[in-house]
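In case you want the letters, here they are:
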Amino acid sequence: DIKSKSSEPHWYERYVQPCVAEVLGSALFIFIGCLSVVEDVEGTGRLQPALAHGLALGISIAILGNI
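Owing to the predicted nature of the structure, the values given are computational and were not obtained by experimental measurement.

Draft legend 1. Inspection of the overall build of the protein at higher detail. Counting its regular elements, the protein contains 2 helices and 0 strands. In the form shown here, the protein has an accessible surface area of approximately 5900 Å², with 64% of it arising from carbon and sulfur atoms.

Draft legend 2. Highlighting the UniProt feature "transmembrane region" (unreviewed entry) in the protein. Here, UniProt's "transmembrane region" (unreviewed entry) annotation points to residues 20-38. What you have in residues 20-38 is 89% helix and 0% strand, and the ends, taken at the C-alpha atoms, are 27 Å apart.

Draft legend 3. Looking closely at the packing of helix 1 (residues 11-36) against helix 2 (residues 47-64). Their axes nearest at 8 Å, the elements helix 1 and helix 2 cross at an angle of 160°. The orientation of helix 1 relative to helix 2 falls into the category roughly antiparallel. As for how helix 1 packs across helix 2, the hand of that crossing is right-handed. Across from Ala21, Leu24, Gly25, Leu28, Phe29, Ile32, Gly33 and Ser36 in helix 1, the residues of helix 2 making contact are Gln48, Pro49, Ala52, His53, Ala56, Leu57, Ile59, Ser60 and Leu64. Of the residues assigned to the contact of helix 1 with helix 2, the class counts are 11 nonpolar, 6 polar and no charged.

Draft legend 4. The arrangement of the pattern of salt bridges in detail. On inspection of all chains with the given rule, the structure shows 1 salt bridge. Note that Arg14 is salt-bridged to Glu8, the shortest N-O span being 3.6 Å.

Draft legend 5. The arrangement of helix 1 in detail. The end-to-end C-alpha separation of helix 1 is 37 Å, in line with the 38 Å expected for 26 residues at 1.5 Å each. At Gln17, helix 1 is bent by approximately 35°, the largest bend along its length, and proline Pro18 sits one to four residues beyond. Where helix 1 is concerned, the buried positions are Ala21, Gly25, Gly33 and Ser36. Those residues of helix 1 that are buried are in contact with helix 2.

Draft legend 6. Up close: a nonpolar patch on the surface. On the surface, a cluster of nonpolar side chains totalling about 390 Å² of accessible area is made up of Trp11, Tyr12 and Tyr15. Looking at where Trp11 falls in the secondary structure, it is placed in helix 1. You can call Trp11 exposed: its relative accessible area is 53%.

Draft legend 7. Main features of helix 2. Along its 18 residues, helix 2 runs 26 Å from first to last C-alpha, staying within 8% of the 26 Å computed at 1.5 Å per residue. Those residues of helix 2 that sit buried are Pro49, Ala52, Ala56 and Ser60. Seen along its axis, helix 2 keeps its buried residues to an arc of 65°; they face one direction. Turned more than 90 degrees away from the buried face of helix 2 sit Leu47, Leu55, Ile61 and Ala62, all of them exposed.

Quick notes on the rules
Counting restarts for each chain: residues are numbered from 1 in the order of the written sequence. The predicted origin of the model limits local features to residues at a pLDDT of at least 70 and limits the giving and counting of side-chain atom pairs to 80 or more, whereas totals for whole chains, interfaces and linings rest on all residues. Side-chain metrics rest on all non-hydrogen atoms present in the structure, leaving aside hydrogens and water. The helix count covers DSSP runs of H or I at least four residues long, the strand count covers runs of E at least two residues long, and both are numbered beginning at the N terminus. Here the accessible surface of atoms and residues is derived via Shrake-Rupley with a 1.4 Å probe, and residues count as covered only by protein chains that are part of the display. UniProt positions are given in the numbering used here, feature names are shortened, and annotations may be inferred rather than shown by experiment. All axes here are fitted lines through C-alpha atoms, helices being fitted over the stretch that makes contact, and every angle between N-to-C directions spans 0 to 180 degrees. Roughly parallel refers to an angle under 35 degrees, roughly antiparallel to one over 145, roughly perpendicular to one between 65 and 115, and oblique to any angle outside these ranges. A clockwise turn of the near helix away from the far one marks a right-handed crossing, whereas an anticlockwise turn of less than a right angle marks a left-handed crossing. We call two residues in contact whenever any of their non-hydrogen atoms come within 4.5 Å of each other. Only Asp, Glu, Lys and Arg are considered charged in this grouping, and only Ala, Val, Leu, Ile, Met, Phe, Trp, Tyr, Cys and Pro are considered nonpolar; every other residue, Gly among them, is considered polar. Salt bridges, as used here, are contacts in which a Lys or Arg side-chain nitrogen is within 4 Å of a carboxyl oxygen on Asp or Glu. By this rule, a helix spans an expected 1.5 Å times one less than how many residues it contains. Consider a residue and the seven residues that end there alongside the seven that start there; fitting an axis to each set, the bend is the angle between those axes. Partly exposed describes any residue whose relative accessible area lies between the buried limit of under 20% and the exposed limit of over 50%, with all areas from a 1.4 Å probe on protein chains only and scaled to the type maximum. Surface patches are drawn from residues lacking salt bridges whose relative accessible area is over 30%; two like charges belong together within 9 Å, two nonpolar side chains (Val, Leu, Ile, Met, Phe, Trp, Tyr) within 5 Å. What the arc covers is the set of directions going from the helix axis to the C-beta atoms.

This is the structure:
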């Protein structure tokens, strides 16, 4: 009477969840990166956009990396 569950993941976890994670990660990366260069402050040069993109990428990987 005991039915064995298959070891394969559900279709949502297999197809939809990775696509949603990719869209959210890319949107966060692009949004934060674009916001970092909206206001051009004297003296920051290339450092501010580089740090903003690096932090956005790190946050995206930390949050969505296990999917």
